[in-house]
Amino acid sequence: MNKDEFIKRSKENLKRILKAEGLLDEKLELAFEKVPRELFFSESNRENAYLNNAFDIGYGQTISQPSMIFTMLKKLELNKSHRVLEVGTGSGYVTALLCELSHFVYSVEIIPELARLAIERLVKLGYTNYLVLVRDGSIGLPEYAPYDRIIVSAASPQIPNSLINQLSDNGIITIPIGGLELQRLMVVKKIYGNVKVFQDISCRFVPLVGKEGFKEDAIKNYRIK
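Computed from a prediction, not measured in an experiment: that's the story for all the values here.

Peer 1: Which parts of the structure should I look at to understand unusual backbone geometry?
Peer 2: The bulk of non-glycine residues show a negative phi, and the bulk of peptide bonds are trans. With an omega of 5°, the peptide bond between Ala145 and Pro146 qualifies as cis. Relative to the helices and strands, Pro146 is located in the loop between strand 5 (130–134) and strand 6 (147–152). Unusually for a residue other than glycine, Tyr59 sits at a positive phi of about 60°. Turning to its location among the elements, Tyr59 is positioned in the loop between strand 1 (55–58) and strand 2 (61–63). Positioned with a positive phi, Glu77 is a non-glycine residue whose angle comes to about 50°. Examined against the element boundaries, Glu77 turns out to sit in the loop between helix 3 (66–76) and strand 3 (83–87).

Pasting the structure below:
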């Protein structure tokens, strides 16, 4: 079996897993099919693209496991009218999925090298409904607010007030909250100006570094495990 055939079969197997877990509705399945996850991996590591695991992408960051990505996307209840803020561009894979699922994506990445690579991949795939900026994602992007949906792909010790303030009414945030080693996925909803927070599954993400996230000195001994 050559590499392309192996990747194709791995993708079909992962799709079966995600469907069995109830994570792929019609819209999410179409996005899963359309976005080639393998292109967000290095050439030497593409055979791992459709394993249901997180993988190191360099610079102390990871591409999240597919089941976690689609759990977060499903809870966002996205549609094509939504303006989305993504905190943590990373590889750009989730950005591409968001481009398929929403009207426009504003994505923030703190590491310039990752932002550059993500933009190269998104350009190659032909996406135009996004903007990637190198910023402190913990304070969002107030100049483009409000956002209908916010997805945070890094762990924070608390829900940043800036993100809540930039969320539109009837908006939703998905964000992992907790310590460096373990977090709980939180779903934040703003309903008629009132903020409600719902706890979901346990998870483990790299830390959100910034003014309203973890401080640099707090993560100096942090390592991906």
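Peer 1: Looking at this structure, I do not really get the pairing of strand 9 (residues 194–203). What am I missing?
Peer 2: For a regular strand, side chains alternate in direction, first toward one face of the sheet and then toward the other. The pairing of strand 8 (residues 183–191) with strand 9 spans 8 bridges and is classified as antiparallel. Within strand 9, the residue paired with Lys189 across the bridge is Lys196. Connecting strand 8 to the antiparallel partner strand 9 that follows it, the hairpin turn spans 2 residues, and Tyr192 within it adopts a positive phi of roughly 50°.

Peer 1: Quick question: what am I supposed to make of helix 1 (residues 3–20) here?
Peer 2: Note that an α-helix has 3.6 residues per turn; residues three or four places apart therefore point the same way. Here helix 1 spans 26 Å end to end across 18 residues, near enough to the 26 Å set by a 1.5 Å rise per residue. Taken together, the buried positions of helix 1 are occupied by Ile7, Ser10, Lys11, Leu14, Lys15 and Leu18. Considered in projection along helix 1, the buried side chains sweep an arc of 145° and stay on one side of the axis. Every exposed residue of helix 1 that faces more than 90 degrees away from the buried side is listed here: Lys8, Arg16 and Ala20. Buried residues along helix 1 sit against helix 2 (26–34) and helix 3. In this structure Asn2 caps helix 1, since a side-chain oxygen of it lies 3.2 Å from the backbone nitrogen of Asp4. Of the residues one or two after helix 1, Gly22 is the one with positive phi, at around 75°.

Peer 1: What exactly am I supposed to notice about the layout of surface pockets here?
Peer 2: In this approach a probe as big as a water molecule rolls over the atoms, and the regions it shows empty are the leftover space. The computed volume of the largest pocket comes to approximately 560 Å³. In this structure, the largest pocket is lined by 40 residues; those nearest its centre are Gln61, Ser153, Ala154, Val206 and Pro207. Counting residues per element, the ones that place at least two in the lining of the largest pocket are strand 2, helix 3, strand 3, helix 4 (93–101) and strand 4 (104–109). A per-class count over the lining of the largest pocket returns 22 nonpolar, 12 polar and 6 charged.

Peer 1: Help me understand the nonpolar core, please; the structure alone is not making it clear to me.
Peer 2: In globular proteins that are soluble, nonpolar side chains generally tend to be buried together. Phe32, Phe70, Leu73, Tyr93, Leu97, Leu98 and Ile151 are the most contacted members of the largest nonpolar core, which has 43 residues in total. Residue assignment for this core shows that the elements contributing at least two residues are helix 1, helix 2, helix 3, helix 4, helix 5 (112–124), strand 5 and strand 8. Top element by residues in this core is helix 4. It accounts for 7 residues. Once residues lying within four places of it in the same chain are set aside, the contact partners of Phe32 are Lys11, Leu14, Lys15, Leu18, Leu24, Tyr50, Phe70, Tyr93 and Leu97. Within the second largest apolar cluster, 21 residues are counted, among which are Val108, Leu141, Tyr147 and Ile173.

Basis of the calculations
- Residues numbered from 1 in each chain as written.
- Predicted model: local features only at pLDDT ≥ 70, side-chain atom pairs only at ≥ 80, totals over all residues.
- Heavy atoms only, no water.
- Helix = DSSP H or I, 4+ residues; strand = E, 2+ residues; numbered from the N terminus.
- Pairing = 2+ DSSP bridges.
- Expected span 1.5 Å × (residues − 1).
- Buried < 20%, exposed > 50% of the residue type's maximum accessible area, 1.4 Å probe, protein only.
- Arc of directions from axis to C-beta.
- Contact = heavy atoms within 4.5 Å.
- Polar contact = N/O pair within 3.5 Å; in protein donor to acceptor, adjacent residues only side chain to side chain.
- 1 Å grid on protein atoms, 1.4 Å probe; cavity = no way out; pocket = protein on both sides within 12 Å on 5 of 7 lines; lining within 4 Å.
- Points joined across faces, edges and corners; volume = space filled by probe spheres on them.
- Nonpolar A, V, L, I, M, F, W, Y, C, P; charged D, E, K, R; others polar.
- Core = buried A, V, L, I, M, F, W, Y, C linked by side-chain atoms within 4.5 Å.

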